Amino acid sequence: MSAAGSTHPAERRLSLLVTVLAFALPVIFVLVPLAIFLVYSFFSVDQGTIIYAPTLGNYVRFFTDPIFLPVFWNTIVLCVSVAVICILLAYPAAYFLTTLKGRWRYALLMLLLVPLLMSYVIKIYAIRSILGLNGFLNKALVAVGILDQPSTLFVFNMNAILLTLSLLLIPFAILPIFLSLERIPQTLLRASDDLGASGWQTFLRITLPLSLPGVASAASFVFVLAIGDFLTPQMVGGISGFTFGRILYSQFGTAYNWPFGAALSVALAIVVICAILIGERFGRNRGTSL
Amino acid sequence: MSALPRPSTIFLAAITTLVAVLLYSPLFVPIVSSFFTISHGNVDWSSPTLSTYVALAENHDILTALRTTLIVGVCTVVLSVVSGTLLALYYHGRRSGRSILQFIIFLPFLMPPIISGLALLIFFREIHLERSLLTVVIGHTVFVLAIVYRTVLMRLQSMSRTLVEASYDLGATGWQTFWRIILPNLSSAMVGGAILAFALSFDETMITILVTGTQSTLPVRLWAMMRLGFSPDINALVALILMFTVLLCVLAARFLIPRQMATERT
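Residues numbered from 1 in each chain as written. Chains lettered and ligands numbered in written order. Predicted model: local features only at pLDDT ≥ 70, side-chain atom pairs only at ≥ 80, totals over all residues. Heavy atoms only, no water.

Chain B is annotated in an unreviewed UniProt entry as ABC transporter permease of Mesorhizobium loti R88b. As its UniProt record puts it under Subcellular location (unreviewed entry), chain B is described as follows: "Cell membrane". We quote the UniProt Sequence similarities (unreviewed entry) comment for chain B here in full: "Belongs to the binding-protein-dependent transport system permease family. CysTW subfamily." (UniProt positions renumbered as here; feature names shortened; annotations may be inferred.)

Looking at an unreviewed UniProt entry, chain A carries the name ABC transporter permease, with the source organism given as Mesorhizobium loti R88b. Database annotation for chain A, UniProt heading Subcellular location (unreviewed entry): "Cell membrane". Note on chain A: under the UniProt heading Sequence similarities (unreviewed entry), the record states "Belongs to the binding-protein-dependent transport system permease family. CysTW subfamily."

Below, the structure written as structure tokens:
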């Protein structure tokens, strides 16, 4: 604990040292790298060597080249869709959890959250084998009679990325929605019931509005995680499933253009910051949020 | 919630079951494959076998990667618990500068890992630090620090101030109070934070891919192998890791949910 209020010079020097140390770690390993990163986005590359002279070239290229903006936009749309799918599945599940009593509620919540901790890479791989042309999904759809023959609808394309990301990120949507639903005072629901509202009316007028902050946090979580992922698209996207994350990643590998990659990351960071701010703004309503 | 009409309960239960099935399907496939053979989406139920587990024990690539992952995990846990706890202690109850520092600590956790990873990659290059396990450990520590910091800080905030005051009143020095009162009260939060940190480090892939040198951790090794498809012994590994993960979850829950709360809630 800090020695509050002491003015002894030695102690004051010690407390200054402690303060410097407290800031050093985060500043050196978080802030400085991000700052260098930002600076890098204004450099350029010539024949494999980085030119340390400021230029806006990377940003101009991002906005004028016909490749990047469409991929950027498509990726945003993709990740919004992932967020919507996750919420549509997570909301009823979270609601169901809150209808359960005591021990069951948390046991089931735990059950739905455990897959989060399971190896990400392995899940992607397994989902790929489920979605594959000879995978379980096609087998099942053919067996049920929905399809005549295995479909390539979800093999190595944008749909595959959409489905895989949704599957991976559902737990991130369940938790905030569950927490916001759980925090709705029971008395409000009883009051609504006493005043003669039907179950539907109570849901639409009380439960749903009060749980929206949770939905907003869930949406922003899922969106941010989806847009930052480059492993999933790389793994299940094939040639047609090209996302912004993959382009970014390739700038640091095959393309070897770090400054341009840094500029693309800045664009990504701006979208992420906006998503987090929107999630914060709507996630903090009425004191029922996280 | 109040009792729902029957049809809606059935509908909600059905969706929840569907979600559970969806979430567990990617875990189910490798586990089943570790005991049976699966070809073209069909399980051959007739021949259960443990051969995949035997093969795993002989796969040196995987075992080396596993060892690397454990080393990185342990170093990450030690570094993040020590620095996270110190930061939490330092900033507990302090107003000025706390929110800005907290924001910096949380940045790598909020930003997509590709951005944190690339920022570190460029940083290491600029300070001429070769990519190695050291850079991986730094990357992981920076990433999980927020979790440990938050876990410890929350416990500190829920700790009653009277304990510390009583200790001073009884004549204890600052150090004695720290060792005898504060640290024991924080220990379960620190253990819980350590478990979470380890779990996150164990599975961290995106930052690791970017900052690793020649030695790769398990997820990165698996990621590289996947381009060719898995050998069956990987399924055995997955089954083992799943069990290990469940164990970690149970442990983390035990340490992080205070005993009274757990009994209150049941």
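Read on for the rest.
Visitor: An account of the overall build of chain A is requested, with residue identities and associated values reported.
Guide: Along the backbone of chain A there are twelve helices and two strands. Each helix and strand of chain A, ordered N terminal to C terminal, gives the series α-β-β-α-α-α-α-α-α-α-α-α-α-α. Since a compact globule built from 290 residues should have a radius of gyration of about 19 Å, the 24 Å found for chain A marks it as more spread out than a globular shape. Dimensions along the principal axes, computed over C-alpha positions, put chain A at roughly 70 × 70 × 35 Å. Burial statistics for chain A: of 290 residues in total, 48% are counted as buried. A total of about 14,100 Å² of accessible surface is found on chain A, and carbon and sulfur atoms cover 70% of it. When the 16 basic and 9 acidic side-chain charges of chain A are each reduced to a single mean position, those positions are 6 Å apart. (Helix = DSSP H or I, 4+ residues; strand = E, 2+ residues; numbered from the N terminus. Rg over C-alpha atoms; globule rule 2.2 N^0.38 Å. Buried < 20%, exposed > 50% of the residue type's maximum accessible area, 1.4 Å probe, protein only. Areas by Shrake-Rupley, 256 points an atom, 1.4 Å probe, with all protein chains shown as cover. Lys, Arg positive; Asp, Glu negative; His and termini not counted. Charge placed at Lys NZ, Arg CZ, Asp CG, Glu CD.)

Visitor: Which residues make up unusual backbone geometry, and what are the values?
Guide: As a rule of thumb, non-glycine residues mostly have phi less than zero, and peptide bonds are mostly trans rather than cis. Despite not being glycine, Phe 156 of chain A has its phi angle at roughly 50°, a positive value. Tracing the sequence through the fold places Phe 156 of chain A in the loop between α6 (136-144) and α7 (158-182). At His 128 of chain B, a position not held by glycine, the phi torsion is positive, near 55°. Here His 128 of chain B lies in the loop between α5 (113-126) and α6 (133-158).

Visitor: Go over the interface of chain A and chain B with me, naming the residues and quoting the values.
Guide: Contacts between the two partners involve 79 residues from chain A and, on the opposite side, 80 residues from chain B. Where chain A packs against chain B, one counts zero salt bridges. Our count for the contact surface shared by chain A and chain B stands at six residue pairs in polar contact (both at pLDDT 80 or more). At 17 residues, the largest contribution of residues to the side of chain A that touches chain B is made by helix α1 (residues 9-40) of chain A. (Contact = heavy atoms within 4.5 Å. Salt bridge = Lys/Arg side-chain N within 4 Å of Asp/Glu carboxyl O. Polar contact = N/O pair within 3.5 Å; in protein donor to acceptor, adjacent residues only side chain to side chain.)

Visitor: Talk me through the UniProt feature "domain: ABC transmembrane type-1" (unreviewed entry) in chain A; I want residue IDs and the actual numbers.
Guide: Feature annotation in UniProt assigns "domain: ABC transmembrane type-1" (unreviewed entry) to the following positions: residues 72-279 of chain A. Between the end C-alpha atoms of residues 72-279 of chain A the distance is 21 Å, and the span holds 80% helix and 0% strand.

Visitor: Describe the UniProt feature "transmembrane region" (unreviewed entry) in chain B, with residues and values.
Guide: Residue and element names in this part refer to chain B. Per the UniProt record, the feature "transmembrane region" (unreviewed entry) sits at residues 12-38, 70-91, 103-124, 136-156, 177-200, 206-224 and 236-257. Its end C-alpha atoms 22 Å apart, residues 103-124 is made of 91% helix and 0% strand. For residues 177-200, the end-to-end C-alpha separation is 32 Å, with 100% helix and 0% strand making up the annotated structure.

Visitor: Account for α6 of chain B, naming residues and giving values.
Guide: Residue and element names in this part refer to chain B. Taking 1.5 Å of rise per residue, 26 residues should cover 38 Å, and α6 covers 37 Å from first to last C-alpha, within 8% of that figure. At Val 144, α6 shows its largest bend, some 40°. Across the 26 residues of α6, 21 count as buried, placing the element largely inside the fold. Measuring from the side-chain oxygen of the N-cap residue of α6 to the backbone nitrogen of Leu 134 gives 3.2 Å; that N-cap residue is Ser 132. (Expected span 1.5 Å × (residues − 1). Bend = angle between axes of the 7 residues up to and from the residue.)

Visitor: Report on the UniProt feature "transmembrane region" (unreviewed entry) in chain A, specifying residues and quantitative values.
Guide: The positions that UniProt labels "transmembrane region" (unreviewed entry) are, in the present scheme, residues 16-43, 71-94, 106-127, 160-181, 202-227 and 258-278 of chain A. Within residues 106-127 of chain A, the helical portion is 91% and the strand portion 0%, while the C-alpha atoms at the span's ends are 27 Å from each other.

Visitor: Just give me the short version of the nonpolar core, but keep the residues and values in it.
Guide: In this structure, Ile 177 and Leu 231 of chain A together with Val 19, Ile 114 and Leu 222 of chain B are the most contacted members of the largest nonpolar core, which totals 164 residues. A per-element tally of this core places helix α3 (residues 68-99) of chain A first, with 18 residues. Not counting residues up to four positions away in its chain, the partners in contact with Leu 222 of chain B are Val 121 and Ile 122 of chain A together with Ile 62, Phe 230, Ile 234 and Leu 237 of chain B. (Core = buried A, V, L, I, M, F, W, Y, C linked by side-chain atoms within 4.5 Å.)

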